[in-house]
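Secondary and tertiary structure notes
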Amino acid sequence: MKLTNNSKNPLADARVSLAAAQLNRNENGTLKLIQGLNTTHAKRVDNEEEICKALEATKVANTISPSTVTGLVFPENVEMLGILLPFLSKTNQTYLQVGARIKNCSVHTDSLKQHATQLNFVMCSIFPDFSCNTTELAVDSVVRQYNTTVELLKFINPNLEVQIGETGWPSFGKDESLYNVANMKDYWERMAVWAEQNEVVVYMHEAFDQPWKSDPRRADPNDTTGRFGVWGFFGW
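Since this is a predicted model, take the numbers as computed values, not measurements. (Residues numbered from 1 in each chain as written. Predicted model: local features only at pLDDT ≥ 70, side-chain atom pairs only at ≥ 80, totals over all residues. Heavy atoms only, no water.)

Let us look at the sheet that holds strand β5 (residues 161-167). Spatially, the six strands line up as an open sheet ordered β1-β2-β3-β4-β5-β6, and their pairing is parallel. Edge positions in the open sheet fall to β1 (33-36) and β6 (202-204), since each of these has one partner strand only. Strand-to-strand, the axes of this sheet are offset by a mean angle of 25 degrees, without reference to chain direction. Strand direction decides the pairing type here: strand β3 (residues 97-102) and strand β4 (residues 121-125), joined by four bridges, are parallel. Directly across from Arg101, in β4, lies its bridge partner Met123. Along the sheet face, helix α6 (residues 181-198) touches β5 and β6 and points at about 160 degrees away from the line of β6. (Pairing = 2+ DSSP bridges. Helix = DSSP H or I, 4+ residues; strand = E, 2+ residues; numbered from the N terminus. Axes fitted to C-alpha atoms, helices over the stretch in contact; angles between N-to-C directions. Contact = heavy atoms within 4.5 Å.)

All right, on to the packing of aromatic side chains then. All told, the structure shown has nine aromatic pairs when counted by the stated rule. Between Phe130 and Tyr179, the ring centres sit 6.3 Å apart and the planes meet at 65 degrees, which makes this aromatic pair edge-to-face. Remark: Tyr179 occurs in the loop between β5 and α6 and Phe130 occurs in the loop between β4 and α5 (135-156); sequence separation between them is 49 residues. Of the residues examined, Tyr179 reaches a relative accessible area of 13% and is grouped as buried. Note on Trp169 and Tyr179: the rings are 5.4 Å apart at their centroids and 45 degrees apart in plane angle, and the pair reads as tilted. Note that Trp169 is positioned in the loop between β5 and α6 and Tyr179 in the loop between β5 and α6, a separation of 10 residues in sequence. Tyr179 shares its class with Trp169; the two are buried. These aromatic residues form a ring-pair network of at least three members: Phe127, Phe130, Trp169, Tyr179, Tyr187, Trp188 and Phe228. Taking the ring centre of Phe87 as reference, the NZ or CZ of Lys90 above it sits at 5.3 Å. (Phe/Tyr/Trp six-rings, centres within 6.5 Å; stacked < 30°, edge-to-face > 60°. Buried < 20%, exposed > 50% of the residue type's maximum accessible area, 1.4 Å probe, protein only. Lys NZ or Arg CZ within 6 Å of the ring centre and 35° of its normal.)

Before going further, it helps to examine the pattern of salt bridges. Two side chains with opposite charge may pair up if their charged atoms get near one another. A complete count under the given rule lists six salt bridges for this structure. One salt bridge in this structure joins Glu48 and Arg44, with 3.0 Å as the shortest N-O distance. In this pair, Glu48 and Arg44 are both assigned in helix α2 (residues 44-64), four residues apart and thus about one turn of the helix distant. Take Glu48: its relative accessible area is 23%, and that puts it in the partly exposed class. Among the ionic pairs, Asp186 bridges to Arg190, the shortest N-O distance being 2.8 Å. Remark: Arg190 and Asp186 occur in helix α6; sequence separation between them is four residues, near one turn of the helix. With relative accessibility at 22%, the residue Asp186 sits in the partly exposed group. (Salt bridge = Lys/Arg side-chain N within 4 Å of Asp/Glu carboxyl O.)

Right, dumping it as structure tokens:
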């Protein structure tokens, strides 16, 4: 979930955090989540406002049910740490884990090197090499990329937790013998086994298909970009 600056109510876009906290309180649940930040605004003041909203939402959620929100994650611009960390101290929320979500960790090495010592975790998007002709080889390609990233970042900060923030397999594509629901299922089962054995947090990409990314009426009908969802889009 990402907060935005469009609402006058600082809690209006924090529905997931608040809903999880209420479920934990009312149903004796154990839901845990990380609050997202959309700190990609051009102006510093807008990023500061974003952080304030997220911290207020986090404090309310954890007041409803302690430890529901365990951390904060922001995208790409890890330079926002310089803004975020003082706010954590001011709001007495230094117990929160702080992480960055990076689309491609290999091309953000300089920035990550500068800030890795201050981060608790990093979410790296790691997708398989789609030239692989089996899901077994695809998983192996993800593991190789992950291990290379870990080796680099752990050298800088041995305590840094490296997570896979996104990975997946499309349910449809030009090669239907490879890109299909059965292989998507197999990919995820293999990833789940590896993640459990190696105690790595892996986030599935994604819950729902995104038809606007590969609309067969406007783009290449064989495009797989929008076909990573566990739940398909009506009409596909």
